[in-house]
Amino acid sequence: MAEISRPHEPLLSVRDLSVEFRTPGGPLRAVDAVSFEIFPGETLALVGESGSGKSTLARALVGLLKPHAGRIELDGAPIAGLSRAEFRPLRKKLQLVFQDPHASLNPRLSVSATLSEALMLHGHGDRRTLDARVCALLARVGLDPALRQRYPHEFSGGQRQRISVARALAVEPALLLCDEVTSALDVSVQAQLIELLRSLQTESKLSYLFITHDLGVVRSLAHRVAVMYLGRIVELQATEAFFERPQHPYSEALLASIPRLRAATHGAKPRLIGEVPSPLHPPAGCAFHPRCPRAFERCAREIPGAYAVEAAGFSRCFLRDPSNSAPG
Ligand SMILES: Nc1ncnc2c1ncn2[C@@H]1O[C@H](COP(=O)(O)OP(=O)(O)OP(=O)(O)O)[C@@H](O)[C@H]1O
Ligand code: SF4
Ligand SMILES: [Mg+2]
C-alpha cells in the first residue's frame, strides 16, 4: 500500500454514531456508539463477522440510513442530521460501491448511459464533453472505451465491478466506501481490482472505507484496521500492528480462524467458537464475554471503554485497561 503522510485534519470524523432499526422484536441497535476517523489518502479496513453492522455503518455514512445518535463530519463540517437538500452537495464526496454490481447497475442502461447519468446528476453534464468524459472514466478503471455502448450483462463480474467504480468516480469523490466489492469475484480478478483501487488511490489521494471478510486483502490494502463486533468497534490499529499484535481477544480469534494468516501470529491462538449473539438481546458487559476464552468476572458486569494501545490505536477489552487487576 502507498505510504500516507497523515495530516492533522481527518477527511471523515465519526463520533458516537448509533443506528437503530425498529423490528417486531424491539429496537435493534446495529451500530452502537462507533467513533473513528479516516484521513485523506487512507484506507481503513472494516472487518467483523456477518451481522456485526458493517454495511449499516456504511449506509448511515452516505445518508441512506438516518443515525439514531452521533456526529459525522466531513472536512470538519457536520453532515449527520442535514436535510436531503443540504446533504446533496456533500453527498458526492462519499460514494458507496456494493458487492453485487449486477444488482446495483441498471440492466436497461448502456455503460455510456449509466456513466452519463452519474456525471449529469452531479453537474458535470456539459453535453459536448459528456462522451469524452465517459471514455476517460472507462480508461481510468482499465476498460476499453470502445465498449461503452454495451449493457451490463455483456461484461464479466470483474468488469462490471470496474463500471461500478467508474460510476462512483464520476462525481470525483474523496472517499469510496467499498462494501465487499471483491467477495463475488475469482481470486485473480479480485487481485486486479485491488490493484486498480490501489493505483486510483495513489493517483488521486482517494480514501477508502474497505469492508471485507478477507483478511489477506486487508493486509495488502489497508493502512489501519477496525474490527466490529455486535455493532461496536472493539479494536482499531495500524495494519501491521493488528496482524502482529492484535489487542482484543476477538481479533485474535478472527486471525486464528484463517490458517493462511495463523502462521503470522505468535503462538497458538483461540479459535472462534459459538454464534454471534442477537443484537436484539446483546449480552451485558462486554458483548464478547460469552465467547471469550479470556473472560473474567468483571467482563459480564461492565462495558469496556476504549483503552489506548500502541500507535494511536484502541482496544475495548479490560485486559488493556491499565488499572485492571486481572491477569493479562
Ligand atoms: N433493514 C433492516 N431492518 C432490521 N434489521 C436490520 C436491517 N438491516 C440490517 N439489520 C440488522 O442489523 C445488523 C447488522 O447488519 P449489517 O448488514 O450491517 O451487518 P454486516 O456486518 O454488513 O454483515 P455481512 O458481513 O453479512 O454483510 C444485523 O443484525 C442485521 O440483521
Ligand atoms: S473485556 Fe473480557 S470478555 Fe471482553 S474481550 Fe476482554 S477479556 Fe474478553
Ligand atoms: Mg454487509
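Preceding this paragraph is the structure being described.
Residues numbered from 1 in each chain as written. Chains lettered and ligands numbered in written order. Predicted model: local features only at pLDDT ≥ 70, side-chain atom pairs only at ≥ 80, totals over all residues. Heavy atoms only, no water.

Engineer: What's the story with the site of ligand 1 in this structure? I'm lost.
Structural biologist: Among the 15 residues in the neighbourhood of ligand 1, the closest are listed as S50, G51, K54, S55 and T56. Between ligand 1 and the protein, one listed contact pairs an oxygen atom with a side-chain N or O atom of S50 at 2.4 Å. A distance of 3.0 Å separates an oxygen atom of ligand 1 from a polar atom in the backbone of G53. Protein coverage of the free-state accessible area of ligand 1, which is 640 Å², stands at 63%. Those elements giving two or more residues to the shell around ligand 1 turn out to be β1 (12-23), β2 (26-38) and α1 (54-61). By residue number, the principal contributor to the shell around ligand 1 is α1, which donates three residues. (Near = heavy atom within 4 Å. Polar contact = N/O pair within 3.5 Å; in protein donor to acceptor, adjacent residues only side chain to side chain. Areas by Shrake-Rupley, 256 points an atom, 1.4 Å probe, with all protein chains shown as cover. Helix = DSSP H or I, 4+ residues; strand = E, 2+ residues; numbered from the N terminus.)

Engineer: Explain the pattern of salt bridges to me, please; I cannot follow it from the model alone.
Structural biologist: Pairing between side chains of opposite charge can happen when their charged atoms approach one another. Inspection of every chain in the model, using the stated rule, returns 19 salt bridges. R198 serves as the salt-bridge partner of E195, at 3.3 Å between the closest nitrogen and oxygen. Of the two residues, E195 and R198 both sit in helix α7 (residues 187-204), three residues apart, roughly one turn of that helix. Residue classification places E195 among the partly exposed residues on the basis of a relative accessible area of 42%. You can call R198 buried: its relative accessible area is 19%. Here R245 and E310 are joined by a salt bridge, their closest N and O atoms 2.7 Å apart. Of the two residues, R245 is situated in the loop between α9 (239-244) and α10 (249-256) and E310 in the loop between β11 (307-309) and β12 (313-315); the sequence distance between them amounts to 65 residues. (Salt bridge = Lys/Arg side-chain N within 4 Å of Asp/Glu carboxyl O. Buried < 20%, exposed > 50% of the residue type's maximum accessible area, 1.4 Å probe, protein only.)

Engineer: Hey, could you run me through the site of ligand 2 in this one?
Structural biologist: For ligand 2, the set of nearby residues contains 13 residues, the closest of which are C286, C292, C299, C317 and F318. Cavity membership is defined here by more than half of the atoms lying within 2 Å of grid points; on that basis ligand 2 lies in the largest cavity. (1 Å grid on protein atoms, 1.4 Å probe; cavity = no way out; pocket = protein on both sides within 12 Å on 5 of 7 lines; lining within 4 Å. Sits in = over half its atoms within 2 Å of the grid points.)

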